[in-house]
Amino acid sequence: MAGSPASGSGPDDVLGYGLGPEWVPGPDGIPFRAAARVVVLDPDDRVLLVRGHDSGQTSRSWWFTVGGGLEPGEDARAGAVRELREETGLRVGPDDLEGPVLVRSAVFDFARVTCRQDEEFFLARVSETRLDVTGWTELEREVVDELRWWELDDLDAAVAAGTVVYPAGLAALVRRLAAGWDGSVESVVE
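Residues numbered from 1 in each chain as written. Predicted model: local features only at pLDDT ≥ 70, side-chain atom pairs only at ≥ 80, totals over all residues. Heavy atoms only, no water.

**Some remarks on the pairing of strand β3 (residues 47–54)**
Move 1: Taken across its 8 residues, β3 has 7 buried, putting it largely inside the fold.
Move 2: Pairing of strand β2 (residues 31–41) with β3, which is carried by 2 bridges, proceeds in the antiparallel orientation. Residue V40 lies in a different strand from β3, and its bridge partner there is L48.
Move 3: Connecting β2 to the next strand, β3, in antiparallel fashion are 5 residues, including D45 with a positive phi near 60°. (Buried < 20%, exposed > 50% of the residue type's maximum accessible area, 1.4 Å probe, protein only. Helix = DSSP H or I, 4+ residues; strand = E, 2+ residues; numbered from the N terminus. Pairing = 2+ DSSP bridges.)

**Concerning the nonpolar core**
Move 1: With 25 residues, the main nonpolar core has V38, V40, L48, L84, L90 and L97 as its most contacted residues.
Move 2: Looking at this core, the elements that each hand over two or more residues are β2, β3, β4 (57–64), α1 (76–88), β7 (113–125) and β8 (144–150).
Move 3: A per-element tally of this core places α1 first, with 4 residues.
Move 4: Grouped together as the second largest cluster of nonpolar side chains are 20 residues, V39, L102, L152 and L173 included. (Core = buried A, V, L, I, M, F, W, Y, C linked by side-chain atoms within 4.5 Å.)

**Examining the packing of aromatic side chains**
Move 1: Here the structure, examined in full by the defined rule, presents 2 aromatic pairs.
Move 2: Note on W23 and F108: the rings are 6.2 Å apart at their centroids and 75° apart in plane angle, and the pair reads as edge-to-face. In this pair, W23 is assigned in the segment before β1 (24–25) and F108 in strand β6 (residues 98–110), connecting sequence segments 85 residues apart.
Move 3: Judged by its relative accessible area of 6%, W23 falls in the buried class.
Move 4: F108 gets classed as partly exposed once you look at its relative accessible area, which sits at 27%.
Move 5: For the cation-ring pair, R148 lies above W150, with the distance from its terminal atom to the ring centre recorded as 3.5 Å. (Phe/Tyr/Trp six-rings, centres within 6.5 Å; stacked < 30°, edge-to-face > 60°. Lys NZ or Arg CZ within 6 Å of the ring centre and 35° of its normal.)

**With respect to helix α3 (residues 152–160)**
Move 1: Among all positions of α3, only L152, L155 and A158 are buried. Buried residues of α3, seen end-on, are gathered within an arc of 115° and therefore sit on one face of the element. In α3, those exposed residues whose orientation departs by more than 90 degrees from the buried face are D153 and A160. (Arc of directions from axis to C-beta.)

**Considerations on the layout of surface pockets**
Move 1: When its volume is computed, the largest pocket comes out at roughly 1100 Å³.
Move 2: Taken together, 48 residues line the largest pocket, and the ones lying closest to its centre are W23, R33, G67, G68 and Q117.
Move 3: Examining the composition of the lining of the largest pocket, we find that 6 residues originate from one element, β6, more than from any other.
Move 4: Among the residues making up the lining of the largest pocket, the classes are represented as 24 nonpolar, 10 polar and 14 charged. (1 Å grid on protein atoms, 1.4 Å probe; cavity = no way out; pocket = protein on both sides within 12 Å on 5 of 7 lines; lining within 4 Å. Points joined across faces, edges and corners; volume = space filled by probe spheres on them. Nonpolar A, V, L, I, M, F, W, Y, C, P; charged D, E, K, R; others polar.)

**A look at the environment of V101**
Move 1: Tracing the chain through its elements places V101 in strand β6.
Move 2: Classification of V101 by relative accessible area gives buried; the value is 2%.
Move 3: With 83 residues separating them in the primary sequence, V101 and S184 have C-alpha atoms 6.5 Å apart.
Move 4: If we ignore the near neighbours within four places in the chain, the residues touching V101 are F121, F122, L123, L177, W181, S184, V185 and E186. (Contact = heavy atoms within 4.5 Å.)

**Brief notes about the side chain of D42**
Move 1: Here D42 shows up in the loop between β2 and β3.
Move 2: Since its relative accessible area comes to 4%, D42 is described here as buried.
Move 3: Of the polar contacts made by the side chain of D42, one reaches the backbone nitrogen of D44; its length is 2.8 Å.
Move 4: Those residues within four positions of D42 in sequence are excluded, and the remaining contacts are V126, T129 and W149. (Polar contact = N/O pair within 3.5 Å; in protein donor to acceptor, adjacent residues only side chain to side chain.)

**Things to note about the packing of α3 against helix α4 (residues 170–178)**
Move 1: One can describe the packing of α3 onto α4 by two numbers: an axis separation of 9 Å at closest approach and a directional angle of 165°. Classified by the angle between their axes, α3 and α4 sit roughly antiparallel to one another. In this structure, α3 meets α4 at a crossing whose hand is left-handed. Contacts from L152, D153, L155 and D156 in α3 reach A171, V174 and R175 in α4.
Move 2: Here the contact of α3 with α4 is composed, by residue class, of 4 nonpolar, no polar and 3 charged. (Axes fitted to C-alpha atoms, helices over the stretch in contact; angles between N-to-C directions. Parallel < 35°, antiparallel > 145°, perpendicular 65-115°, else oblique. Left-handed = near helix turned anticlockwise from the far one by under 90°.)

Fair warning: the whole summary comes from geometry, so function is off the table for now.
Encoded structure:
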């Protein structure tokens, strides 16, 4: 149907920018989606991060937590469990997640379009550290460069040297969470 997101021809066609069907034009016309993200800690309190790049500007790259857009009707906790499994092969149940520990509203550029995403972050502690990326989508295979378990001191040093990590202040948040989640929910606008 002409002008619908599936057609690839209308001005509201966010798919034409390389974004998935969960992105819909918000009231301001900016592509928007709700998302769930997971701060994953291993038994040594290393944090699992993903490094990706912008498909529209391949020289831009950054590190970020596992997660992604919610499916229609999906709550954030279920989305976090699904995204963790799809992106890493790690399996946890909804009751294994702590949080949300952080909520974030972010406006960013990706695939040459400005996007807005509202995110809920959960904490998952896992004993398994072997990763399986066979569940990646076509877009993830295109723009995700690596997964890495980070020691927090190494992450601090990388950020100090100019490495971009989202959300801002992630290492400090992880240190607080590693000591035990106190039930509070932090809020970040980026």
